[in-house]
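Summary of structural features
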Amino acid sequence: MREAHPLERRVGIEYYDSDADGTGGRLRTTPEDFRVRELERMEPEPLASDPGDYPHLLIRATLYRWDTNDFVQRLSNALGASRERISWAGTKDKHAVTTQLFTLANVDPDEVPEISDAEIEVLGRVGRELHFGDLAGNAFEIRVRDANVGTVEAITDELHARVHGEREKANKSDGDAGEHRGDDAEETRGGATDPVDVAVPNYFGHQRFGSRRPVTHEVGLCLARSEWREAVLTYVGNPSDAEPEATQEARAYVDEQAESADPDWAGALDRMPGALRFERSMLHRLAADGDETPADWRHALEAVPENLQRLFVNAAQSYAFNCIVSERLSRGLPLARPVAGDVVCFADTDAPAGLYRPDTGRTQVASERRVDVMRRHCERGRAFVTAPLVGTETELADGEPGDVERAVLDDLGLAPDDFDLPGEFHSTGTRRAVLLRTRVDVECEPTEDAYELGFSLPSGSYATVLLREYLKTSPTEL
């Protein structure tokens, strides 16, 4: 297997699944090169429906160069309404063209404003607000420029071979190329191909941990060990070479004060740049509390919003998951089909056509007696092998898969009971599919050194884990 980029290995991503050379190239040369459209789950009632029964207006917005949070702020200002009256299912990137749903509480259709670089369509009324993750998935259309398009087909062949756990077939001679595609067999027509099923390890992408400074999982690991002081200092101190010089100096001063018998937290607060508001909030509480008891350090950590508190723990769980997937690959355990002892989840029967969406609420252990049946379900996209996002209610697998899970958790010093934490830091855990399967539409333009990928992913999966297989570049460029 091909070793992953050094920055990826910091977050538990050890390997590429395809051995072919990457295409390199540039993403997001223009926002139009990266298009994302939500796969919607909410069906509205007509606009004429009683606002008492259906108090939320459902709109669809196509945004050009808008970060979701910035757009919501602009929309709330234009409505003269609190941000709390606006809800959405997923946060999207500013450097893209994105189409997503929003609900507006107690807003009439004629009050919806026009906003620059946004196309807003009023769809109808609904009885509840959108919740985060309240979507089936996302559809992507991505253009890669300045690329070596000559390796695109080889990468696609290898990723197709993974669908049924037949990766070795991707290494056949040129005379056999494409033979393993079976029902997906296609013929190139002017650089375009028919869609083909591919699969990649369902890693959590690098951005889950912080694109420039991936430390959220390190904070979470400290929390799981009840190391409140270390958690705060990991987030507030701990400078990174990727940061501006003033930020590095401020974090270095925090580290100096942590070693002092009489730390100057007020001075650290003065030095911390204003843009780093979460770090400043923690330092403000440290400066005010003064005693540095475990309760003080926890109080400092709780200065950040609740969603960030949860993210710390979720990132630790995500890191452990990535490590488990990498260890399975290292040991030669398949991702596409179960072995005895694996915990398998079934596919979401309500997912849109063509979307391979796991339902981790429906699981079954692949016992020796049932493993062949479960393999057939996985081959047909009706089930998925899983690994834990460890929490208090996590039950680990049996057999060799369970050995992998326990070995990784032992190496990290983690156990399910460690996530019995106070407040927003508590997590019961769940399981997640180890393989991400999708149907990709590939179009190459050799004369322009460019290619396009079209595909759909279930919510919670990352487009970057497919793109990394094609580009094989630094995660900071994805």
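If you're wondering where the values come from, they're calculated on a predicted model, not measured in any experiment. (Residues numbered from 1 in each chain as written. Predicted model: local features only at pLDDT ≥ 70, side-chain atom pairs only at ≥ 80, totals over all residues. Heavy atoms only, no water.)

**Regarding the sheet that holds strand E12 (residues 383-389)**
We apply this condition: In this description, strands pair whenever DSSP reports at least two bridges between them. Secondary structure elements are defined from DSSP: runs of H or I of at least 4 residues count as helices, runs of E of at least 2 residues count as strands, and each element is numbered from the N terminus. Fitting a line to C-alpha atoms yields each axis, with helices limited to the stretch in contact; the angle taken between N-to-C directions then spans 0 to 180 degrees.
One open sheet holds the four strands; their spatial order is E11-E10-E12-E13, and the pairing between them is antiparallel. Two strands in the sheet have a free side with no partner beyond their single neighbour: strand E11 (358-365) and strand E13 (430-433). Taking the axes of each pair of neighbouring strands and ignoring which way they run, one obtains an average angle of 50° across the sheet. By the bridge criterion, five bridges tie strand E10 (residues 343-347) to E11 in an arrangement that is antiparallel.

**Quick look at the confidence of the model for the chain**
Where we set the bar: Confidence per residue, as judged by the predictor, is encoded in pLDDT with a range of 0 to 100. Contacts: residue pairs with any heavy atoms within 4.5 Å of one another.
For the chain, the mean per-residue pLDDT works out to 92, and 94% of the residues sit at or above 70. For residues 168-190, every residue scores under 50 in pLDDT, and the model assigns this stretch 30 contacts once sequence neighbours within four places are set aside.

**A closer look at empty space enclosed by the protein**
The line we're drawing: Site definitions follow a grid-based scheme: protein atoms alone, a 1 Å grid, a 1.4 Å probe that fits but cannot get out for cavities, and for pockets an open set with protein on both sides within 12 Å along at least five of seven lines, plus lining residues having an atom within 4 Å of a point. Grid points are joined across faces, edges and corners, and a volume is the space filled by probe spheres set on the points. Each residue receives one of three labels: charged for Asp, Glu, Lys and Arg, nonpolar for Ala, Val, Leu, Ile, Met, Phe, Trp, Tyr, Cys and Pro, and polar for the others, Gly being one of them.
Under the counting rule described, the total for this entry stands at two cavities of 30 Å³ or more. In this structure, the largest cavity spans a volume of roughly 60 Å³. Lining of the largest cavity is provided by Val-163, Leu-335, Ala-336, Cys-378, Gly-381, Ala-383, Phe-384, Val-385, Leu-435 and Arg-437. Taken together, the elements giving at least two residues each to the lining of the largest cavity come down to E12 and strand E14 (435-445). Take the lining of the largest cavity: its biggest share by element is three residues, from E12. Across the lining of the largest cavity, the residue classes break down as eight nonpolar, one polar and one charged. Of the volumes computed, that of the second largest cavity is approximately 40 Å³.

**Brief notes about the nonpolar core**
Test applied: What is meant by a nonpolar core is a set of buried Ala, Val, Leu, Ile, Met, Phe, Trp, Tyr and Cys residues, joined one to another through side-chain atoms within 4.5 Å. Each residue's exposure class comes from its accessible area (1.4 Å probe, protein chains only) as a fraction of the maximum for that residue type: buried when under 20%, exposed when over 50%, partly exposed otherwise.
Within the largest apolar cluster, 107 residues are counted, with the highest numbers of intra-cluster contacts made by Leu-223, Tyr-451 and Tyr-470. Ranked by residue count, the leading element in this core is helix H10 (residues 306-331), at 12 residues. When residues no more than four places from it in sequence are discounted, the contact partners of Tyr-470 are Gly-22, Thr-23, Gly-24, Val-152, Ile-155, Thr-156, Leu-159, Val-440, Val-442, Tyr-451 and Leu-453. The next biggest cluster of nonpolar side chains, apart from the first, holds 18 residues, and it includes Ile-59, Ala-61, Trp-88 and Phe-102.

**Comments concerning the pairing of E12**
When you tally the buried positions in E12, you get seven out of seven residues, the bulk of the element. Pairing of E10 with E12 involves three bridges; the strand directions are antiparallel. The residue bridging Phe-346 from the neighbouring strand is Ala-383, located in E12. Two elements, E12 and E13, share four bridges in a ladder whose sense is antiparallel. The residue of E13 that forms the bridge with Leu-389 is Thr-430.

**What to know about the side chain of Asn-202**
Heads up, the rule is: Distance and chemistry together define a polar contact, namely a pair of N or O atoms within 3.5 Å, with one atom able to donate a hydrogen and the other to accept it when in protein, and with adjacent residues in sequence counting only for side-chain atoms on both sides.
Residue placement: Asn-202 occurs in the loop between strand E9 (196-201) and helix H4 (216-224). Polar contacts involving the side chain of Asn-202 include one to the main-chain carbonyl oxygen of Ala-433, which spans 2.9 Å. Those residues within four positions of Asn-202 in sequence are excluded, and the remaining contacts are Phe-321, Arg-432, Ala-433, Val-434, Leu-435, Leu-436 and Ser-461.

**Side note on H4**
Counting buried positions over the nine residues of H4 gives eight, a clear majority of the element. Turning to H4, its buried residues number three or more, namely Thr-216, His-217, Val-219, Gly-220, Leu-221, Cys-222, Leu-223 and Ala-224. Of the surrounding elements, those touching the buried residues of H4 are helix H5 (228-236), helix H9 (294-301) and H10. Among the residues trailing H4, Ser-226 stands out with phi positive, at a value near 60°.

**Re helix H2 (residues 68-79)**
The condition is simple: By this rule the span expected of a helix is its residue count minus one, scaled by 1.5 Å. Each direction from the helix axis to a C-beta atom contributes to the arc, which is the arc of those directions.
Look at H2: 16 Å from first C-alpha to last across 12 residues, which is about the 16 Å you get at 1.5 Å a residue. All buried positions along H2 are accounted for by Thr-68, Phe-71, Val-72, Leu-75, Ser-76 and Leu-79. The buried residues of H2 occupy one face: seen down the axis, they fall within an arc of 135°. Structurally, H2 contributes buried residues whose contacts are with strand E4 (56-64), strand E5 (86-88), strand E6 (97-105) and strand E7 (118-126). The N-cap residue of H2 is Asp-67: its side-chain oxygen and the backbone nitrogen of Asn-69 are 2.9 Å apart. Looking one or two residues past H2, Gly-80 carries a phi angle of roughly 65°, positive in sign.

**A few points about the environment of Phe-34**
Structurally, Phe-34 can be placed in strand E3 (residues 34-39). Residue Phe-34 is classed as buried on the basis of its relative accessible area of 6%. Separated by 64 residues in sequence, Phe-34 and Thr-98 have C-alpha atoms that sit 8.3 Å apart.

**Let's talk about the pattern of salt bridges**
Oppositely charged side chains can form a pair if their charged atoms are brought close together. The condition that has to hold: Only one rule defines a salt bridge in this text: a Lys or Arg side-chain nitrogen within 4 Å of an Asp or Glu carboxyl oxygen.
Taken as a whole, this structure holds 29 salt bridges when the rule is applied. Ionic pairing is found between Arg-310 and Glu-424, a salt bridge with its closest N-O pair at 2.7 Å. One end of the pair, Arg-310, is in helix H10; the other, Glu-424, is in the loop between helix H12 (399-412) and E13, and 114 residues separate them in sequence. Within the structure, one salt-bridge network assembled from shared partners comprises Arg-143, Glu-445, Glu-448 and Glu-452.

**Notes on the packing of aromatic side chains**
Selection rule: Here is the rule: rings of Phe, Tyr and Trp (six-membered ring for Trp) pair when centre to centre is within 6.5 Å. Planes less than 30 degrees apart are stacked, more than 60 are edge-to-face, and the remainder are tilted. Look at NZ for Lys and CZ for Arg. If either is within 6 Å of the ring centre and within 35 degrees of the ring normal, a charge sits over the ring.
Evaluation of the coordinates by the stated rule reveals 11 aromatic pairs. Between Trp-66 and Phe-71 the ring centres are 5.9 Å apart and the planes differ by 75°, which places this aromatic pair in the edge-to-face class. For Trp-66, a relative accessible area of 16% translates into the label buried. Using a relative accessible area of 0% as the deciding quantity, one classes Phe-71 as buried. For the pair Phe-71 and Phe-102, a centre-to-centre distance of 5.3 Å together with 50° between the ring planes defines the contact as tilted. Here Phe-71, found in helix H2, pairs with Phe-102, found in strand E6; they are 31 residues apart in sequence, far enough to count as distant. Through a chain of ring-to-ring contacts, three or more aromatic side chains come together here, namely Trp-66, Phe-71, Trp-88 and Phe-102. The positively charged end of Arg-432 is found above the aromatic ring belonging to Phe-321, 5.4 Å away from the centroid.

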